[in-house]
Amino acid sequence: MTPHPPATPAQPSYRPPSTPHGGPPGPAAASPAAAGPAASPRWARPALLALLLVTAVLYLWSLSASGYANQFYSAAVQAGSESWKAFFFGSSDAANSITVDKPPAALWPMALSVRLFGLSSWAILVPEALMGVATVGVLHAAVRRRFGAGAALLAGGALAVTPVAALMFRFNNPDALLCLLMVCAIAAVLRALEDGRTKWLVLAGVCFGLGFLTKTLQAWLILPALAAVYAFCAPVALRRRLGQLLLAGLAIVVSGGWWVAAVELWPAASRPYIGGSQHNSFLELTFGYNGFGRITGNETGSVGGDGRPGGGGGGWGQTGITRLFSSDMGGQIAWLLPAALILLVAAVWVLRRARRATDAEQAGQRAEFLVWGGALLMTFTTFSFMSGIFHQYYNIALAPYIAALVGMGAGLFARRGGRAASLVLAAVVAVTAGWSFVLLDRSPDWLPWLRWTVLVLGALSVLGLLLAARAAAPVRAGARDGEGVQAGDGEPARDGVADGDGAAAQDGASARPSPRKGPGLAVLAAGLGVVTALAGPVAYTLDTVNTPKGGSIITAGPAVQGGMGGPGGFPGGRPGMWRGGKGGAPGGGMPGGAPGNFPAGQPGGKQAGKQGAGQGNFPGASRGRFPGQGAGGGQKGGRQGFPGGPGGFGERGAGRMGGMGGLLNGSKVSAKAEALLEKDADHYTWAAAAIGSQNAASYQLATEKPVMAIGGFNGSDPSPTLAQFKKDVAEGQIHYFIAGGQGGPGGGHGGPGGGRGGSSKITSWVEKTFEKVTVGSATIYDLTRKA
């Protein structure tokens, strides 16, 4: 490696891949991004367009099969499309009784879509799918600038077929928008690291602020890592770096704080109750139920967790460093996680000696590895050890970080060439093939041939890479055959060499190919390695795309042994919490609530048979086989494990599917019940009231009339109180009360000190006071007629 000068300048600076200020090109200016599109291989743009097209098809395919997906959010979207006030606050109904338990930014694109195109599954879910395509595109652009088109294509493809990403970019939870905003924020930070311009750092701050309005503090998990990398690696003076970071912080406060200030200053009597809080405070929601409570497990108003600090995950699985590799989590996100970690460590090691003054491009590459790697490690550590509510689909946050590191690492070592680089890649392929075999073996009856195919292809790829390591090392001119000198630490192939073409001569010394060089073998081995790495995720993703999803807790891929829904199968397999094998939960109780609040469920694989094949799915949609799989594409109760399976699917005109009403899934709404609620609904503020947001959402989406969600999502929020409810009834604002839901006679769910019992008091008062009407399987009370 070229020795460094004895002293570096006081303000060392490496130039970005481009020179926007018109100065002479620096050491990095020869990178592919510097010379613009002409420097990229001719296949780069068509490959990018193909990637985006395939991603769009994958995320849009049979999208409406999931109906309204998570009806909790779909009802809020419908409300926002009817009322601008509900749009602003994120209210569950257009009459603004209570908000969802998140800020509203994720609802806004969907609500605008419904305003434009009307209420339908497509209008709600297409914006989410387009966010997925945009995320892949932004990630591709961020990786390409320093690592080339090949690395970018691999990174984008890896993200597109990550099972949990395909799951959530076809669903209406806030995680899709959050993932897009985090990738945009990192891309902006990387641009700021190139040239030290403040505008990029401010743009990153805006993305973090909008991320806060999407999913509160989760958006800030990666902030410390990014701020630290910029503080140490930015190519400007330290004082300027600190000033820029302060401006970025101000951008975060302004872009995320304006809405918080408006809500906190708005008179509580004229706005909806803040769902998820116990005292009608968004700040309480942010720092409690949605904030530090997720870390400690002390979540007042929660269900499923212990409600005790340090509960080891409570009902959400055992915490620890192996959590994301467990049966419930591994198939969602961990396919390429070992590869990403290996490539991160190896890349930082080989680039460790790079200095901005002399090795600008390599120093920039190292900074990018630190950014993506820091984001990965911060998120991985938090998810592994948080004791509060934790769902499998949260892992989408890790998907772009893993994909970027895999693409960047593979691109870096492929371009370096040489024996050491080939050995690193061989190790990555070997570990990935072995881990893929383990993950696929957790579903032994599902595509049993695939795990062996992956293992064989991985072995062939490793063998090819090892043989290429002997044959591909360049030798200095005049050196004897067999005395090749490979690139030194931190010195990749010179820019301008096509991706995968091997290392160029270094330090001005000429190099000639070894007679043993076998580029064809290296390319073939690398191709087999990519197939090995992506075969499992692709299969899981196709299974996910073929399976309609609905309810509050969803997973990607097939059922797994020891996963959620098995014996004792609430998340994490807490013994005895949920019984009934791989199906529903007959008579089970939720932690923090009374036993028996859920009616007995039916076996999970049977309840949604009308959703499966015949809806334009990829060939085969059910358990175990591609193609020719059985009809009935329900949630495969072995993965869901909740009463009645997904429940509450469907939309008007598309058939109603459902399960049992309750905390996690919506209710089945009969045509008679729908007609009853719609009658004279315009004469009331709320057509009906129901316990819990999912139960209320089912009726609201069926009728498109406001339905009050008593107690919010968990049925534990003190909204409304019994006195407030009596007042609303006396004033003729509520027409019907729908019995059932999670807060029935046993009392509402909730943690210590929450709203437990508030919903049951309302239920008891209604049952004693008003006339009961049975409509199909629903029990409804007419609040205008005394018993």
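Residues numbered from 1 in each chain as written. Predicted model: local features only at pLDDT ≥ 70, side-chain atom pairs only at ≥ 80, totals over all residues. Heavy atoms only, no water.

S.K.: Help me get a handle on the packing of helix 13 (residues 337–350) against helix 15 (residues 399–416), residues and values and all.
M.R.: Direction vectors running N to C along helix 13 and helix 15 enclose 50°, while the axes themselves pass 8 Å from each other. Compared by their axis directions, helix 13 and helix 15 come out oblique. Along this stretch, helix 13 crosses helix 15, giving a crossing that reads as left-handed. Between helix 13 and helix 15, the contacting residues are Leu337, Ala339, Ala340, Leu343, Leu344, Ala346, Ala347 and Val350 on the first element and Ile402, Leu405, Val406, Gly409, Ala410, Leu412, Phe413 and Arg416 on the second. (Axes fitted to C-alpha atoms, helices over the stretch in contact; angles between N-to-C directions. Helix = DSSP H or I, 4+ residues; strand = E, 2+ residues; numbered from the N terminus. Parallel < 35°, antiparallel > 145°, perpendicular 65-115°, else oblique. Left-handed = near helix turned anticlockwise from the far one by under 90°. Contact = heavy atoms within 4.5 Å.)

S.K.: Summarise helix 8 (residues 198–215); cite the residues concerned and give the values.
M.R.: Its 18 residues place the ends of helix 8 26 Å apart at the C-alpha level, agreeing with the 26 Å of an ideal helix rising 1.5 Å per residue. Taken residue by residue, helix 8 has Trp200, Leu201, Ala204, Gly205, Cys207, Phe208, Gly209, Gly211, Phe212, Leu213, Thr214 and Lys215 as its buried positions. For helix 8, the secondary structure elements touched by its buried residues are helix 7 (175–195), helix 9 (223–233), helix 10 (238–265) and helix 11 (282–296). Just beyond helix 8, the residue with positive phi is threonine 216, at close to 45°. (Expected span 1.5 Å × (residues − 1). Buried < 20%, exposed > 50% of the residue type's maximum accessible area, 1.4 Å probe, protein only.)

S.K.: Could you give an account of the sheet that holds strand 6 (residues 770–775), with specific residues and numbers?
M.R.: One open sheet holds the five strands; their spatial order is 4-3-5-7-6, and the pairing between them is mixed. The open sheet has two edge strands, strand 4 (707–710) and strand 6, and neither has a second partner. Averaged over all adjacent pairs, the angle separating strand axes in this sheet is 30°, with direction ignored. As paired strands, strand 5 (residues 734–738) and strand 7 (residues 778–786) are joined by three bridges and run antiparallel to one another. From the neighbouring strand, isoleucine 738 faces strand 7, where its bridge partner is isoleucine 780. Along the sheet, helix 23 (residues 758–769) contacts strand 3 (686–691), strand 4, strand 5, strand 6 and strand 7; its crossing angle with strand 6, the most-contacted strand, is approximately 95°. (Pairing = 2+ DSSP bridges.)

S.K.: Residue-level account of the nonpolar core, with values.
M.R.: One finds Leu193, Trp372 and Phe413 to be the most contacted residues of the largest nonpolar core, which totals 159 residues. Considering every element that reaches this core, the biggest residue donor is helix 5 (residues 121–160), with 17 residues. With near-sequence residues (within four places) excluded, tryptophan 372 lies in contact with Leu139, Ala142, Ile186, Leu190, Pro400, Tyr401, Ala404, Leu405 and Met408. Counting residues in hydrophobic clusters, the runner-up holds 17 residues, among them Leu677, Ala688, Tyr699 and Val775. (Core = buried A, V, L, I, M, F, W, Y, C linked by side-chain atoms within 4.5 Å.)

S.K.: Break down the pattern of salt bridges for me, with residues and values.
M.R.: Applying the stated criterion across every chain yields a total of eleven salt bridges. The shortest N-O distance in the salt bridge between arginine 451 and aspartate 441 comes to 3.1 Å. Of this pair, arginine 451 sits in helix 17 (residues 448–471) while aspartate 441 sits in helix 16 (residues 418–441), placing them ten residues apart in sequence. Take aspartate 441: its relative accessible area is 34%, and that puts it in the partly exposed class. Two residues, lysine 705 and aspartate 682, come together in a salt bridge whose shortest N-O distance is 3.0 Å. Highlighted residues: lysine 705 in the loop between helix 21 (693–703) and strand 4 and aspartate 682 in the loop between helix 20 (671–678) and strand 3, separated in sequence by 23 residues. A residue is classified by how much of its surface remains accessible, and lysine 705, at 23% relative accessible area, is partly exposed. The class for aspartate 682 is exposed, based on a relative accessible area of 65%. (Salt bridge = Lys/Arg side-chain N within 4 Å of Asp/Glu carboxyl O.)

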